[in-house]
Amino acid sequence: MTTRALLPALAVCVLPFSIMQSAVSPLLGTFGERLGVDQAGTMWIFTAFLLSATVTTPVLGRLGDLHGKRRWMLIVVVVQVVGTVACAVAGDLATMLLGRALQGTGGALFPLAYGLLRDHLPPSRVALGIGVLSSVLGAGGSIGVVTAGPVERLLGPAWVFGLPGVLMAGSLLLIVGLVPESPQRSVGGLSWPSAVLLGAGLLASMLVLSTLGVWPAAVVGTIAVLGVVTMLAWARVEARATWPLIDVRLLRARGMWTTNLCSMLVGFALIQSFLVVPQLLLLPADSGFGFGVDVVHVGLYVLPSSLAMLAFSPVSGWLGGRAGARAPLIVGALLCATAYAALAFGHREIWAVVGANALNGIGAALAFSALPNLTVRAAPVDRTGVATAITTVARTAGGALGTQVAAVVLATATPVGASHPDEIGFTAVFAVMVVAMVGCLVVAMAVPRNPHPPCPPRPPLVVTPRRSTTCTWPGSSAMPSRRGVSPGPAAPAPNG
């Protein structure tokens, strides 16, 4: 099976998830009327998707490392199709939330796809391939915002889910026909107690971020405490597990924790290009700073940002190959900080909003593409799936936190009885995003220029009756040992 069509096939496979993460945002009011629920209920249509993606991505990434990334891509796409059908025919909120939760499992497609690229492409093409898939992640979100209104008006709300569902079904054929199975397998198994505890801890964390300011403070605080206790229990179980879900040594490596922190900050800031910028465009012109764009045409003003993401994501791999793997992340963070500063202080002209959002798209393309590339470089080959899954979870959690911060700031800036926030609310949101991207820029400077996987620990020395022997470790030359001491069992050779 040729790998020539691997990258286009994987791009098509991950596109529907990217579209569905944002397509419902402009139509939450429409779905609320259709399902007969209030605004708080409709927000769960968006939140259920994020919760599912956060909880399932690390586990599915690890299962792909263990049992085959192509196999688990097929399983995830089938689950997505079932969820999309449920959303399309949903007549009540429970069915819609179940469908959105099933759709959210598609978050694992990106780490699985990154792993397949690393396993099959020549090293010189891996960075470019990851850049292309990352562009699909960013541009797909913009496509969802652009197309949601026209599709709902022309075909009906069900087809907002139906068209991506058709694309999902077609991607099954692409995986079967064009995607070869990974030759790499991680040894060991999956620690299910660890997986359950991690899932529960992440679920609690996302619930806190998603319900802050909506549920009573006592309830949110209780969930937060339970989440902290659960994560501490997970760390204890993980340290004792024979086959840990996530190697703690890997997370402690500078190339990993700095990349994951940058991923969270990037997700925190860049979600605003899908949420706050369209909201600013939709505000009535008589507000003094809105533009009165309707829901059908708002996508046209967001389109330049989407095109910028598609055009500049491949540049990230090229730039990383010549200036170091962290260079695209640094440049991207700088461009995004500049774009949000322009939005904070120059959002009264529509051309300025569109131009700053397009600049933000360029920065997002470089940053989004750099993050998985840095993770792939820093992770062993047999841990690519779970390592990139953690980076994906960090970005998702950052996006959820950014959404809540923006909502709280805008709600605070909305006068009693008013239908929209004052201008200071939008200025404050964009200013917070500037701070986040400056923080990302600072952390990016601490990312190793070309990170490498951590080496496995040396095997223990075991006392034997022998008078002399030879001590060797993987990659080291033979050297005489102390008298009466011999090496323990050989450690696995480092991968990547």
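1. A word on the nonpolar core
Thought 1: Leu 10, Phe 31, Met 73, Met 96, Leu 117, Leu 133 and Phe 161 are the most contacted members of the largest nonpolar core, which has 75 residues in total.
Thought 2: For this core, the element with the most residues is helix α1 (residues 6-23), which contributes eleven residues.
Thought 3: For Phe 31, the residues in contact, after removing those within four places along its chain, are Val 24, Ile 45, Met 96, Pro 157, Val 160 and Phe 161.
Thought 4: Membership of the second largest hydrophobic core comes to 48 residues, among which are Leu 270, Cys 336, Met 433 and Cys 440.

2. Re a nonpolar patch on the surface
Thought 1: Together, Leu 154, Leu 155, Trp 159, Leu 163 and Val 166 make up a nonpolar patch on the protein surface, roughly 540 Å² of accessible area in all.
Thought 2: Elements that contribute at least two residues to the nonpolar patch include exactly α7 (123-155) and α8 (158-178).
Thought 3: It is α8 that provides the largest number of residues to the nonpolar patch, a total of three residues.
Thought 4: Relative to the elements of secondary structure, Trp 159 occurs in helix α8.

3. A word on the state of the cysteines
Thought 1: Scanning the model with the defined rule gives zero disulfides in all.
Thought 2: The thiol of Cys 336 is not disulfide-bonded; the next cysteine sulfur, from Cys 440, is found 8.2 Å away.
Thought 3: With a relative accessible area of 0%, Cys 336 lands in the buried category.
Thought 4: Unpaired in this structure, Cys 440 has its nearest cysteine sulfur neighbour in Cys 262, at a distance of 4.0 Å.

4. Let's talk about α8
Thought 1: If you check α8, its first and last C-alpha atoms are 30 Å apart, about what 21 residues at 1.5 Å a residue would give, namely 30 Å.
Thought 2: For α8, the set of buried residues is Val 160, Phe 161, Gly 162, Pro 164, Gly 165, Met 168, Ser 171 and Ile 175.
Thought 3: Where the residues of α8 are buried, they touch α1, α2 (28-35), α4 (69-89), α5 (93-104) and α7.

5. Some details on the pattern of salt bridges
Thought 1: The full count for this structure, using the stated rule, is three salt bridges.
Thought 2: With a shortest N-O distance of 3.0 Å, Lys 69 and Asp 119 are connected by a salt bridge. Taken as a pair, Lys 69 in helix α4 and Asp 119 in helix α6 (residues 109-120) lie far apart in primary sequence, 50 residues in all. Per residue, the accessibility class of Lys 69 equals that of Asp 119, and both read buried.
Thought 3: For Glu 423, the salt bridge identified is with Arg 348, shortest N-O distance 2.6 Å. Residue Glu 423 is found in helix α18 (residues 423-444), and its partner Arg 348 is found in the loop between α15 (327-345) and α16 (350-378); the two are separated by 75 residues along the sequence.

6. Some thoughts on the packing of α15 against α18
Thought 1: Taken N-terminus to C-terminus, the directions of α15 and α18 make an angle of 165 degrees; their axes are 8 Å apart at the nearest point. One element, α15, and the other, α18, form an angle in the roughly antiparallel class. Once α15 is placed against α18, the crossing between them reads as left-handed. Touching Leu 329, Ile 330, Ala 333, Leu 334, Cys 336, Ala 337, Tyr 340, Ala 341, Leu 343 and Ala 344 of α15 are Thr 427, Phe 430, Ala 431, Met 433, Val 434, Met 437, Val 438, Cys 440, Leu 441 and Ala 444, all from α18.
Thought 2: The class makeup of the residues in the contact of α15 with α18 is 19 nonpolar, one polar and no charged.

7. Some thoughts on α18
Thought 1: With 22 residues, α18 extends 32 Å between its outermost C-alpha atoms, agreeing within 8% with the 32 Å of an ideal straight helix rising 1.5 Å per residue.
Thought 2: For α18, every residue scored as buried is listed here: Gly 425, Phe 426, Thr 427, Val 429, Phe 430, Met 433, Val 434, Ala 436, Met 437, Cys 440, Val 443 and Ala 444.

8. Looking at empty space enclosed by the protein
Thought 1: The tally for this structure, following the rule as stated, stands at three cavities of 30 Å³ or more.
Thought 2: Along the wall of the largest cavity there are 23 residues; nearest its centre are Gln 21, Leu 50, Ile 271, Arg 395 and Thr 396.
Thought 3: When residues of the lining of the largest cavity are traced back to their parent elements, those giving at least two are α1, α3 (39-67), α7, α12 (254-270), α13 (272-282) and α17 (384-412).
Thought 4: When residues of the lining of the second largest cavity are traced back to their parent elements, those giving at least two are α16 and α17.
Thought 5: Looking at the lining of the second largest cavity, the element that brings in the most residues is α17, giving four residues.
Thought 6: Residues belonging to the lining of the second largest cavity are distributed by class as follows: four nonpolar, five polar and one charged.

9. Description of the packing of α12 against α13
Thought 1: In contact at an axis separation of 6 Å, α12 and α13 are set at 20 degrees when each is read in the N-to-C sense. The angle between α12 and α13 falls in the class roughly parallel. Contacts between α12 and α13 involve Phe 268, Ala 269 and Leu 270 on the former and, on the latter, Gln 272, Ser 273 and Phe 274.
Thought 2: Per-class residue counts for the contact of α12 with α13 are four nonpolar, two polar and no charged.

10. Here's the deal with the packing of aromatic side chains
Thought 1: Across all of its chains, the model carries seven aromatic pairs by this definition.
Thought 2: Taking 5.4 Å as the distance between ring centres and 45 degrees as the angle between the ring planes, the aromatic pair formed by Phe 31 and Phe 161 counts as tilted. Here Phe 161 lies in helix α8 and Phe 31 lies in helix α2, a separation of 130 residues in the sequence.
Thought 3: Among the residues examined, Phe 31 registers a relative accessible area of 0% and is labelled buried.
Thought 4: Aromatic pair Phe 110 and Tyr 114: ring centres 6.3 Å apart, planes at 50 degrees, arrangement tilted. In this pair, Phe 110 and Tyr 114 are both assigned in helix α6, four residues apart and thus about one turn of the helix distant.
Thought 5: For Phe 110, a relative accessible area of 1% corresponds to the buried category.
Thought 6: Residue class for Tyr 114 comes out buried when judged on its relative accessible area of 2%.
Thought 7: Pairwise contacts between aromatic rings join Phe 17, Phe 49, Phe 110 and Tyr 114 into one cluster.

11. Structural notes on the confidence of the model for the protein chain
Thought 1: Of all residues in the protein chain, 89% attain a pLDDT of 70 or more, and the chain-wide mean is 82.
Thought 2: Between the elements of the protein chain, mean pLDDT differs from a low of 41, seen in strand β2 (residues 470-471), to a high of 95, seen in α4.
Thought 3: In this model residues 457-496 is a low-confidence stretch, pLDDT under 50, and it forms 56 contacts with partners more than four residues away in sequence or in other chains.

12. Thoughts on the environment of Val 214
Thought 1: Along the chain, Val 214 falls in the loop between α9 (192-211) and α10 (217-240).
Thought 2: We classify Val 214 as exposed; its relative accessible area is 54%.
Thought 3: Separated by 194 residues in the primary sequence, Val 214 and Val 408 have C-alpha atoms spaced 9.9 Å apart.

Rules of the game
Residues numbered from 1 in each chain as written. Predicted model: local features only at pLDDT ≥ 70, side-chain atom pairs only at ≥ 80, totals over all residues. Heavy atoms only, no water. Core = buried A, V, L, I, M, F, W, Y, C linked by side-chain atoms within 4.5 Å. Buried < 20%, exposed > 50% of the residue type's maximum accessible area, 1.4 Å probe, protein only. Helix = DSSP H or I, 4+ residues; strand = E, 2+ residues; numbered from the N terminus. Contact = heavy atoms within 4.5 Å. Patch = residues over 30% accessible without salt bridge, like charges linked within 9 Å, V, L, I, M, F, W, Y side chains within 5 Å. Areas by Shrake-Rupley, 256 points an atom, 1.4 Å probe, with all protein chains shown as cover. Salt bridge = Lys/Arg side-chain N within 4 Å of Asp/Glu carboxyl O. Disulfide = S-S within 2.5 Å. Expected span 1.5 Å × (residues − 1). Axes fitted to C-alpha atoms, helices over the stretch in contact; angles between N-to-C directions. Parallel < 35°, antiparallel > 145°, perpendicular 65-115°, else oblique. Left-handed = near helix turned anticlockwise from the far one by under 90°. Nonpolar A, V, L, I, M, F, W, Y, C, P; charged D, E, K, R; others polar. 1 Å grid on protein atoms, 1.4 Å probe; cavity = no way out; pocket = protein on both sides within 12 Å on 5 of 7 lines; lining within 4 Å. Points joined across faces, edges and corners; volume = space filled by probe spheres on them. Phe/Tyr/Trp six-rings, centres within 6.5 Å; stacked < 30°, edge-to-face > 60°. pLDDT = per-residue confidence, 0-100.

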